[in-house]
Amino acid sequence: SMERFAALATAPSAVPRAAVETVVDAGARAALVDVRSPGEYARGRAPRAINAPLFDNDERAAVGTAYKTRGRGEALVLGMAAAAPRLEAIVERARRAVETVATTRGSCDGEEDGEIDVYVMCFRGGMRSSCVGWLLKERLRGARVYVVEGGYKAFRRWALERCGPTRGLPAPRVCVVGGRTGVGKTRALLALRAKGEQIIDLEGLANHAGSAFGWVGREPQPTSEHYSNLVACEWHALDASRWVFIEDEGPHVGRCSVDPLLFERMRNAPLVLRMVAPREVRLHTLVEDYATSELRSHPEWMPTMRESVDKLVKRLGGDRVRDIREKLEAGDFTAVAEGLLEYYDGLYDKHLMSKRKDRRAARAANANAANANANDDACSVQSFTSSTTEDEARAGVVVDVNCVANASGGLDEDLLVRDVLCAVALFECEGPNDPERA
């Protein structure tokens, strides 16, 4: 009977269970099969999970309604009838996932042999994942199959807590990379990563640059729920003995909300690097980031740019928006960038920087004073005593890093990386130790 099958499939001995952290730690070395409905999967999922839904959205709703109104037995009959036609497809999807993992693992470290771990996830780690787990255990060769204990609900709970002080786990020190629009903060982060440094690219994960024009050249944004899952896994993968560089952001990147626990760490970062660049370099960077010929070739680029400019009318006024629109239509993108810098500079100064906590301002000011005479070792790095609204609002030490142009007029990323690492080294040698390091 259906009841007997359900009892066998969900028995503790049928398919072994795996804890959420085990699944996260496995990463790309294992296959993760999410059997929830497409709608559930779209709202949020564990990174790298493939969707092999047991029910579509309507079927899931119907089974749920049957369970509530007609009981477990009726729901099981309805569910099995709905799921039966797609069981072979689920097995095939899982098999392809295993093959992909085996290929990736072999190319990375030469481990072509050995069984692949397969983790099956539904919402609570109950009927859906147990039944599919049992099926995959019977059908997949060369794989060890596990059901994720607690399912996506447990993973989500883990993700919401991971960026905080989780069970006394050590955490890397955060270095916030700040500065006005166009100084090349994201470029600095990516250049640091290319040099082997740890970063969390909040804008890259959000598919948005965090401004009215942040959509340019990006794929659609994830949901806030999925975004926080991505960020949590990025944080979990960091080496706690090293620094992590994170771009200065407000509580939202486009429509994605920054994890509140990570945002709190950023607000209390022991070191803040404020990038300072000449206006010419900033304009060059903005045009390269938002108005290259490749970006402009997209049929939606110009209409969406017009729409984005028009949305600023309440902040800039009708005359200034019309002037920027005219320059946009004329193809004078440097002038467009220059017209927008005044607005974004004011927004940065007034909103983003003034929201930082003053929790450790006195300690940071004293430490900065002690560093005032530090040798800059020929780097474009400047330590100073807090004297501006931004510095007073910061919880940690604020250090200027002066950006310079390369031969083509753009940002000299190699020199910038050198100066950023020099600033960190100076802080470690002469700056205050961070008593709040997790």
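Up top is the structure these notes are about.
My aim in this report is to walk through the structure given alongside it, one point at a time. Model, not experiment: these values are computed from the prediction.

To continue, consider the overall build of the protein chain. Helices and strands together make up the secondary structure of the protein chain, namely 21 helices and 13 strands. The buried share of the protein chain, reckoned over its 438 residues, is 49%. With an accessible surface of roughly 20,600 Å², the protein chain has 51% of that area assigned to carbon and sulfur atoms.

Next up on the list: the environment of alanine 30. Its location among the elements puts alanine 30 in the loop between α2 (20–26) and β2 (31–34). Alanine 30 sits 72 residues away from alanine 102 along the chain, and the two C-alpha atoms are 8.6 Å apart. Residues in contact with alanine 30, not counting those within four places in the same chain, are Val101, Asp117 and Tyr119.

A complete count under the given rule lists six aromatic pairs for this structure. What links up through ring pairs into an aromatic cluster is the set Tyr152, Phe155 and Trp158. In this structure, arginine 36 packs its charged tip against the face of tyrosine 152, placed 4.0 Å from the ring centre. Geometry around tyrosine 41 places arginine 45 over its ring, the cationic atom sitting 4.6 Å from the centre.

Within the largest apolar cluster, 31 residues are counted, with the highest numbers of intra-cluster contacts made by Val33, Val118, Val132, Leu136 and Leu140. Residue assignment for this core shows that the elements contributing at least two residues are β2, α4 (57–70), α5 (72–83), α6 (87–109), β4 (116–121), α7 (127–139) and β5 (143–148). If you tally residues by element for this core, the top one is α6, at six residues. Among all residues touching leucine 136, those that are not within four sequence positions of it are Val91, Ala94, Val118, Val120 and Val145. Formed by 26 residues, the second largest nonpolar core is a distinct cluster that contains Val281, Val397, Leu416 and Val420.

Conventions used here
Residues numbered from 1 in each chain as written. Predicted model: local features only at pLDDT ≥ 70, side-chain atom pairs only at ≥ 80, totals over all residues. Heavy atoms only, no water. Helix = DSSP H or I, 4+ residues; strand = E, 2+ residues; numbered from the N terminus. Buried < 20%, exposed > 50% of the residue type's maximum accessible area, 1.4 Å probe, protein only. Areas by Shrake-Rupley, 256 points an atom, 1.4 Å probe, with all protein chains shown as cover. Contact = heavy atoms within 4.5 Å. Phe/Tyr/Trp six-rings, centres within 6.5 Å; stacked < 30°, edge-to-face > 60°. Lys NZ or Arg CZ within 6 Å of the ring centre and 35° of its normal. Core = buried A, V, L, I, M, F, W, Y, C linked by side-chain atoms within 4.5 Å.

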